[in-house]
Amino acid sequence: MDADARELFATSLRHVTAANTGDALDAALGELGWGEALPADRRTAVSLLFELQGAAGATSSALDAVILETLGLGLEGDLGVVLPPLGRTDPPGSVEGEGVRVGGLALAGVAARDRAVVITGTGEGSLAAVVDTAELKLRAVHGLDPRLGIVEVTGAHVPATARSDLPRTAWPAAVAAGQRALAHELVGASRTMLGLAREHALERVQFGRPIASFQAVRHRLAEAYVAIEAADAALAAAWVDGTPFTAAMAKAIAGRSARTVSRHCQQVLAGIGFTTEHDLHLYVRRVIVLDRLLGGARSLTRRLGEDLLERRSLPSILPL
């Protein structure tokens, strides 16, 4: 995708993410042709959509599409994806006789889909089992961010209508693709939080001058900006490197950075930031949950450290 086409695509995505969410956003993305852009230019399609989606606080089933496309299962048909439970990255299913046992999460749109893909781990690789959604137990998770629409998915002895063997690298690659997408969404949400705090700092007057002129406020805004740029740089390096290791590292940095940004912006906004009258709480809730999807910052950092100790070698220096 050349520069002109990318700019036009970005403008179109900005309009649809600002005006739509949920099923409406899925429909708008379909009309825009985002699904066709994904296999043609994955980095552009993912980075643009998910950062804009995070900035707008919108939701869609695009994460399902990213994972399905990476698994090589295609985007045709009405398929959802069962994700691992919060904080985990292992396959959400296990083989149980002729069926599968399922324990994971899904995005809200899975309830409206006829079928869902459940990845199960095996000794030599992974198995993709397609199951009828009607055979699954779906429970809406209201929790910290009900607007995200996460659904708990469980089931025992769920019959599979189709099965396909996947290579050992398929599930780690799919998780890495999802982690990069979620990291972009965290960066987008972080940029909006910083924008909200900056706007408040310029407008709020104390002692006869805007609080943006106070050194303590400036320091918090500057630290938030540095955290966002660090996450963005790690993401760029993860796209260049393309390995699950750097994807997990980028996701961990983005999650930690988003929490840093939310903390500093909360301090700048002070009392108004604690209320539902201000939009900050929507983004704080969102980044806490997104940080935990496909591995949280703490669990991923621990796993990356364990991996380095096991390999007894350091990865190549990335072009940050």
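Summary of the structure given here.

## Focus on unusual backbone geometry
Here is step 1 of the chain: Residue Phe207 is not a glycine yet carries a positive backbone phi of 55 degrees.
Here is step 2 of the chain: Within the fold, Phe207 resides in the loop between β8 (205-206) and β9 (209-210).
Here is step 3 of the chain: The phi torsion at Ala270 lies on the positive side, around 55 degrees, for a residue other than glycine.
Here is step 4 of the chain: Note that Ala270 resides in the loop between α8 (244-269) and α9 (280-292).

## Side note on the packing of helix α4 (residues 42-56) against helix α6 (residues 170-203)
Here is step 1 of the chain: Contact geometry for α4 and α6: axes closest at 6 Å, N-to-C directions at 40 degrees. Looking at the two axes, α4 sits oblique to α6. Like other packed secondary-structure pairs, α4 and α6 cross with a definite hand, here right-handed. On α6, the residues that touch Val46, Ser47, Phe50, Glu51, Gln53, Gly54 and Ala55 of α4 are Ala181, His184, Glu185, Val187, Gly188, Ala189, Arg191 and Thr192.
Here is step 2 of the chain: Of the residues in the contact of α4 with α6, the class split is six nonpolar, six polar and three charged.

## Overview of the pairing of strand β3 (residues 99-106)
Here is step 1 of the chain: Counting buried positions along β3 yields six of eight residues, so the element is predominantly enclosed.
Here is step 2 of the chain: Sheet topology note: the strand β2 (residues 93-96)/β3 ladder contains four bridges and is antiparallel. Residue pairing in the sheet places Glu96 in a bridge with Gly99 of β3.
Here is step 3 of the chain: In the sheet, β3 pairs with strand β7 (residues 151-166) via seven bridges, with the strands oriented antiparallel. The residue bridging Val102 from the neighbouring strand is Gly155, located in β7.

## Considerations on the nonpolar core
Here is step 1 of the chain: Membership of the largest hydrophobic core comes to 81 residues, with the highest contact counts inside it found for Leu13, Trp34, Phe50, Leu63 and Met193.
Here is step 2 of the chain: Top contributing element to this core by residue count: α6, with 16 residues.
Here is step 3 of the chain: Residue contacts for Leu13: discarding those within four places in its chain leaves Leu29, Leu32, Trp34, Leu48, Leu49 and Leu52.
Here is step 4 of the chain: Among the nonpolar cores identified, the runner-up in size contains 13 residues, and Val110, Ala116, Val153 and Val158 belong to it.

Cut-off values and rules
Residues numbered from 1 in each chain as written. Predicted model: local features only at pLDDT ≥ 70, side-chain atom pairs only at ≥ 80, totals over all residues. Heavy atoms only, no water. Helix = DSSP H or I, 4+ residues; strand = E, 2+ residues; numbered from the N terminus. Axes fitted to C-alpha atoms, helices over the stretch in contact; angles between N-to-C directions. Parallel < 35°, antiparallel > 145°, perpendicular 65-115°, else oblique. Left-handed = near helix turned anticlockwise from the far one by under 90°. Contact = heavy atoms within 4.5 Å. Nonpolar A, V, L, I, M, F, W, Y, C, P; charged D, E, K, R; others polar. Buried < 20%, exposed > 50% of the residue type's maximum accessible area, 1.4 Å probe, protein only. Pairing = 2+ DSSP bridges. Core = buried A, V, L, I, M, F, W, Y, C linked by side-chain atoms within 4.5 Å.

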